[in-house]
Amino acid sequence: ESDIPIIMLTARGDDVDRIVGLEVGADDYLPKPFNPRELTARIKSVLRRAQAAPPHPADVAPGEMRLFAGWRLDLGARRVFDTAGALVHLTSGEFDLLRALTDRPGRLLSRDQLTRILHGPNPASLSRAVDVHMSRLRSKIEPDAAAPQLIVTVRNEGYLLNAVVEREHAAGDEAP
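Residues numbered from 1 in each chain as written. Predicted model: local features only at pLDDT ≥ 70, side-chain atom pairs only at ≥ 80, totals over all residues. Heavy atoms only, no water.

1. Notes on the environment of Leu101
- On the secondary structure map, Leu101 appears in helix 3 (residues 92-103).
- The class of Leu101 is buried, set by a relative accessible area of 0%.
- Taking the C-alpha atoms as reference points, Leu101 and Leu161, separated by 60 residues in sequence, lie 5.7 Å from one another.
- In this structure, Leu101 is in contact with Leu109, Met134, Ile151, Tyr159, Leu160 and Leu161, ignoring residues within four places of it in sequence. (Helix = DSSP H or I, 4+ residues; strand = E, 2+ residues; numbered from the N terminus. Buried < 20%, exposed > 50% of the residue type's maximum accessible area, 1.4 Å probe, protein only. Contact = heavy atoms within 4.5 Å.)

As structure tokens, then:
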């Protein structure tokens, strides 16, 4: 639950191992043996993404909230509260994915679009990373992650948030 970028360097290079590595929170995964220049390029890429997405974006006013299906997304504090008001712990990637979906409710977003939103215009070549983040996000916010109703998959197309999103500011905060 940190914003510090993590790259896993490991001798295990199977697809399942890569997926598990990403699921436990790694930002990138590189199996041995690897080219040192590739490692350098991946480090630079992860650092670029970390700098491009500060933990508290400048375009977010303090107290700016998104409300959807009883959930509350606090953009300034980067926190999410469930329908009962309990704090739900999301990784940075999960939060950014949920924010991207609430920015565009009801709009179909392809895996490529979400990858660019999350990782910038030149993302690392982990095409399934969005699917891993999506699976983890759904397990936390969907009542039945096996039959999601809130975040809908459109087969071979992408994902969309199936909810009305309201924007508001916390009491005492003025809208920009």
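So, next bit.
2. Topic: the packing of aromatic side chains
- Applying the stated criterion across every chain yields a total of zero aromatic pairs.
- In this arrangement the basic side chain of Arg72 is found over the ring face of Phe81, its NZ or CZ atom lying 4.3 Å from the centre. (Phe/Tyr/Trp six-rings, centres within 6.5 Å; stacked < 30°, edge-to-face > 60°. Lys NZ or Arg CZ within 6 Å of the ring centre and 35° of its normal.)

3. A short note on the packing of helix 4 (residues 111-119) against helix 5 (residues 129-141)
- Put simply, helix 4 and helix 5 touch, their axes get as near as 9 Å, and they point 85° apart. The orientation of helix 4 with respect to helix 5, classified from their angle, is roughly perpendicular. Touching Arg111, Leu114, Thr115 and Leu118 of helix 4 are Val130, Asp131 and Met134, all from helix 5. (Axes fitted to C-alpha atoms, helices over the stretch in contact; angles between N-to-C directions. Parallel < 35°, antiparallel > 145°, perpendicular 65-115°, else oblique.)

4. Description of helix 4
- Buried residues of helix 4: Leu114, Thr115, Leu118 and His119, and no others. Buried residues of helix 4, viewed axially, fall in a sector of 105°; they line one side. (Arc of directions from axis to C-beta.)

5. Some words on the sheet that holds strand 4 (residues 71-74)
- Pairing in this open sheet of five strands is antiparallel, and the strands run 6-5-4-3-9 from one edge to the other. Each of the sheet's edge strands pairs with one partner strand only, and the pair in question is strand 6 (87-88) and strand 9 (165-169).
- In this structure, strand 5 (residues 79-81) lies alongside strand 6, joined through two bridges in antiparallel fashion. Bridging from a neighbouring strand, Phe81 pairs with Leu87 of strand 6. (Pairing = 2+ DSSP bridges.)

6. Structural notes on a nonpolar patch on the surface
- Together, Val16, Val20 and Val24 make up an exposed nonpolar region whose accessible area comes to about 290 Å².
- Summarising the element assignment, Val20 is placed in helix 1 (residues 15-23). (Patch = residues over 30% accessible without salt bridge, like charges linked within 9 Å, V, L, I, M, F, W, Y side chains within 5 Å. Areas by Shrake-Rupley, 256 points an atom, 1.4 Å probe, with all protein chains shown as cover. Salt bridge = Lys/Arg side-chain N within 4 Å of Asp/Glu carboxyl O.)

7. Quick look at unusual backbone geometry
- Look at the link from Lys32 to Pro33: it is a cis peptide, with omega at -10°.
- Here Pro33 shows up in the loop between strand 2 (28-31) and helix 2 (36-52).
- For Arg78, which is not a glycine, the phi torsion comes out positive at approximately 55°.
- Summarising the element assignment, Arg78 is placed in the loop between strand 4 and strand 5.
- For Arg78, a relative accessible area of 18% puts it in the buried group.
- Phi is positive for Asn156, which is not a glycine, with a value near 65°.
- By the secondary structure assignment, Asn156 is in the loop between strand 7 (151-154) and strand 8 (158-161).

8. Focus: the pairing of strand 2
- Along strand 2, one buried face is formed by Asp28 and Leu30 and the opposite face, lined by Tyr29 and Pro31, is buried too.
- Pairing between strand 1 (residues 7-10) and strand 2: four bridges, direction parallel. The residue bridging Leu9 from the neighbouring strand is Leu30, located in strand 2.
- Each parallel crossover has a hand, and for strand 1 linked through helix 1 to strand 2 it is right-handed. (Right-handed = clockwise from strand over helix to strand, strands pointing away.)

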